[in-house]
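Each chain is listed here by its residues.
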Amino acid sequence: MLKTLAALAVIGTTGAALADDEPVVRDRLVYTSNDYISVVGGLAIPDSGRGTDDLGGTATFIFGNQIHENIAVEGRFTAAILETGRGNGTDFYQYSGGVDLSFSPYDRRDEHALTPFALIGILTTADDVTPDNRDDGSVGGNVGLGFVTKPLIHNLRLRAEGRYTYSSFESGYHDFSIGIGFELPLGRVREKLTVVPSKLETRVVEIVKTVPRTVVDSDGDTIEDAMDQCGSTPKGLKVDATGCMLPGQLLELRGVTFEANEAKLRPNAQSVLDVIARGMVSQPSLKVEIAGHSALTGSATENLELSQARADSVRAYLIEKGVSESQLTAVGYGKKQPKVKTERNDDDRTLNRRVEFRVVSR
């Protein structure tokens with residue numbers, strides 16, 4: 001009798017603990033664009049030879065594109081007012097546009113507290129001065145230093161910078177400016193993945209006699225075959241109490257490789273995909289995304305096309321093995337979602353050049 005009561009207590013406690021499990025929500029950054037915009041206001045410190053007061057005001061609009069994790073190209077337009085202190089509408093005005101190259105020690109899109117940058121560029125300027133017969137256009141260059149912060153509100157970041165500018169206007173001038181404003185990355189979103197833990201219904205079982213028996217779990221998903229309604233689950237994927245795959249999971253298909261610069265699967269990849277195919281055939285309501293990724297070297301357009309072709313190749317092979325077309329979506333991400341931010345060797349490039357299996361729904 002004591003043996004029976006002990007068994008009832010253990011089963012009841014286990015059921016209560018499982019009942020308290022809550023879904024776990026994880027998020028990650030996903031980049032759909034390398035563009036960003038900035039608006040910066042500041043102070044102009046003009047060359048003393050211009051005949052203005054010490055300070056003026058500037059307003060700058062910047063559109064940038066990050067062409068590499070450490071390099072961005074920025075187009076900018078700046079309007080400045082240089083105070084003369086004379087009154088009667090005799091202030092000097094400048095309107096300039098230019099292109100800068102910005103260099104950072106690491107990816108400015110990541111959530112570092114501060115990301116410093118240095119820039120260098122060329123510009124053209126229209127100077128509106130007094131008297132009007134001095135008005136003229138000029139060319140010049142600028143260099144600068146600054147930083148952007150991590151996101152403060154949603155994706156909005158603080159940006160601060162200082163610049164030295166040389167202008168060929170008249171006999172040539174050396175100007176400085178400092179500014180502070182905001183920078184907003186475009187196309188950056190947070191993707192939330194919800195992982196639902198397996199829950200077992202609390203049951204009361206009276207143990208009359210313990211009979212040893214062999215537990216068989218053919219696919220190794222911790223659910224014995226007698227209760228497993230979805231056999232052949234691929235290794236590394238979580239399942240519910242019935243042995244069926246849970247949505248919201250990401251599995252890297254290690255061993256799925258291709259011929260160099262091609263979308264043709266190598267023979268070793270087929271054995272890995274055969275296991276995936278059997279698992280999906282056993283769970284026909286399952287929807288997955290096959291995500292193709294590339295290394296950071298080479299053209300972004302070519303890498304995007306190659307990663308899409310490789311994802312399509314994996315999808316075609318699974319369909320050939322009996323998986324329904326409606327279960328599979330193939331998406332190539334190119335080098336937009338690297339696993340290793342800075343590739344130092346072939347091993348790093350291999351980690352980025354991968355195919356992932358994303359369980360979307362069931």
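Residues numbered from 1 in each chain as written. Predicted model: local features only at pLDDT ≥ 70, side-chain atom pairs only at ≥ 80, totals over all residues. Heavy atoms only, no water.

What follows concerns the overall build of the protein chain. When helices and strands are tallied, the protein chain shows four helices and 14 strands. Each of the 362 residues in the protein chain was classed as buried or not, and the buried ones make up 39%. By sequence separation, contacts in the protein chain at least 24 residues apart represent 62% of the contacts at least 6 residues apart. (Helix = DSSP H or I, 4+ residues; strand = E, 2+ residues; numbered from the N terminus. Buried < 20%, exposed > 50% of the residue type's maximum accessible area, 1.4 Å probe, protein only. Contact = heavy atoms within 4.5 Å.)

A separate point is the nonpolar core. Nonpolar side chains tend to gather and get buried jointly when the protein is soluble and globular. Membership of the largest hydrophobic core comes to 25 residues, with the highest contact counts inside it found for Val256, Val314, Leu318 and Phe357. Mapped onto this core, the elements with two or more residues apiece are helix 2 (267–281), strand 12 (287–292), helix 3 (300–320), strand 13 (328–332) and strand 14 (355–361). Looking at this core element by element, the count peaks at five residues for helix 2. The residues contacting valine 314, other than those within four sequence positions of it, are Val256, Phe258, Leu265, Leu273, Ile290 and Val355. With six residues, the next largest nonpolar core counts Ala44, Leu82, Val129 and Tyr173 among its residues. (Core = buried A, V, L, I, M, F, W, Y, C linked by side-chain atoms within 4.5 Å.)

Let us now look at the state of the cysteines. By the definition in use, this model includes one disulfide. Two residues share a disulfide in this structure: cysteine 230 and cysteine 244, whose sulfurs sit 1.9 Å from each other. In this structure the cystine formed by cysteine 230 and cysteine 244 twists about its S-S bond by roughly 65°; its chirality is therefore right-handed. Taken together, the residues span a long stretch of sequence, with cysteine 230 in the loop between strand 10 (188–195) and strand 11 (249–252) and cysteine 244 in the loop between strand 10 and strand 11 at a distance of 14 residues. A relative accessible area of 5% places cysteine 230 in the buried class. (Disulfide = S-S within 2.5 Å.)

This part is about the sheet that holds strand 11. Reading across the sheet, the four strands line up as 11-14-12-13 and stay open at both edges, with mixed pairing between neighbours. Looking at which strands have only one partner, the edges of the open sheet turn out to be strand 11 and strand 13. Adjacent strand axes in the sheet meet at a mean angle of 25° when their direction is disregarded. For strand 12 and strand 13, the ladder comprises five bridges, and the chain directions are parallel. Within strand 13, the position partnered with glutamate 289 by the bridge is threonine 329. Against the sheet, helix 3 makes contact with strand 12, strand 13 and strand 14, and its axis sits at roughly 160° relative to strand 13, the strand it touches most. (Pairing = 2+ DSSP bridges. Axes fitted to C-alpha atoms, helices over the stretch in contact; angles between N-to-C directions.)

Judged by side-chain charge, Asp128, Asp132, Asp135 and Asp136 come together as a negatively charged surface patch. Along the chain, aspartate 135 falls in the loop between strand 6 (114–128) and strand 7 (136–149). The class for aspartate 135 is partly exposed, based on a relative accessible area of 32%. (Patch = residues over 30% accessible without salt bridge, like charges linked within 9 Å, V, L, I, M, F, W, Y side chains within 5 Å. Areas by Shrake-Rupley, 256 points an atom, 1.4 Å probe, with all protein chains shown as cover. Salt bridge = Lys/Arg side-chain N within 4 Å of Asp/Glu carboxyl O. Lys, Arg positive; Asp, Glu negative; His and termini not counted. Charge placed at Lys NZ, Arg CZ, Asp CG, Glu CD.)

All right, on to the pairing of strand 13 then. Residues Leu328, Ala330 and Gly332 of strand 13 are buried on one face, while the alternating residues Thr329 and Val331, pointing to the opposite face, are not. For the handedness criterion, the β-α-β arrangement of strand 12, helix 3 and strand 13 is classed as right-handed. (Right-handed = clockwise from strand over helix to strand, strands pointing away.)

Our focus in this paragraph is the side chain of glutamate 161. Mapped onto the secondary structure, glutamate 161 falls in strand 8 (residues 157–167). Residue classification places glutamate 161 among the buried residues on the basis of a relative accessible area of 11%. Other than its neighbours up to four places away in sequence, glutamate 161 contacts Ile62, Phe117, Leu145, Gly146, Ser177, Ile178 and Gly179.

Quick look at the sheet that holds strand 7 now. The eight strands are arranged 2-3-4-5-6-7-8-9 in a closed barrel whose pairing can be described as antiparallel. Strand after strand, the sheet turns through a mean of 25° between neighbouring axes, direction not considered. Where strand 4 (residues 71–82) and strand 5 (residues 92–103) come together, 12 bridges link them in antiparallel fashion. Directly across from glutamate 74, in strand 5, lies its bridge partner aspartate 100.

Applying the stated criterion across every chain yields a total of two aromatic pairs. A ring pair is formed by tyrosine 164 and phenylalanine 176, whose centres lie 5.3 Å apart and whose planes are at 50°; its orientation type is tilted. With tyrosine 164 in strand 8 and phenylalanine 176 in strand 9 (residues 173–185), this pair connects stretches of sequence that are 12 residues apart. Consider the rings of phenylalanine 169 and tyrosine 173, whose centres lie 6.1 Å apart with planes at 40°: the pair is tilted. Each of the two residues, phenylalanine 169 as well as tyrosine 173, counts as buried. (Phe/Tyr/Trp six-rings, centres within 6.5 Å; stacked < 30°, edge-to-face > 60°.)

The grouping of Leu43, Ile45, Leu55, Phe176 and Ile178 at the surface amounts to a nonpolar patch, some 430 Å² of accessible area in total. Sorting the residues of the nonpolar patch by element identifies strand 2 (35–45) and strand 9 as the ones contributing at least two each. Along the chain, leucine 55 falls in the loop between strand 2 and strand 3 (56–68).

Mean pLDDT over the protein chain: 82, with 83% of residues reaching 70 or higher. Counting contacts from residues 1–19, a segment whose pLDDT is below 50, to residues more than four positions away or on other chains yields 16 contacts. (pLDDT = per-residue confidence, 0-100.)

Turning our attention to the packing of helix 2 against helix 3. Contact geometry for helix 2 and helix 3: axes closest at 9 Å, N-to-C directions at 60°. Taken together, the axes of helix 2 and helix 3 are oblique relative to one another. Of the two possible hands of crossing, helix 2 and helix 3 adopt the one that is right-handed. Facing helix 2, whose interface residues are Gln270, Leu273, Asp274, Ile276 and Ala277, helix 3 presents Val314, Tyr317 and Leu318. (Parallel < 35°, antiparallel > 145°, perpendicular 65-115°, else oblique. Left-handed = near helix turned anticlockwise from the far one by under 90°.)

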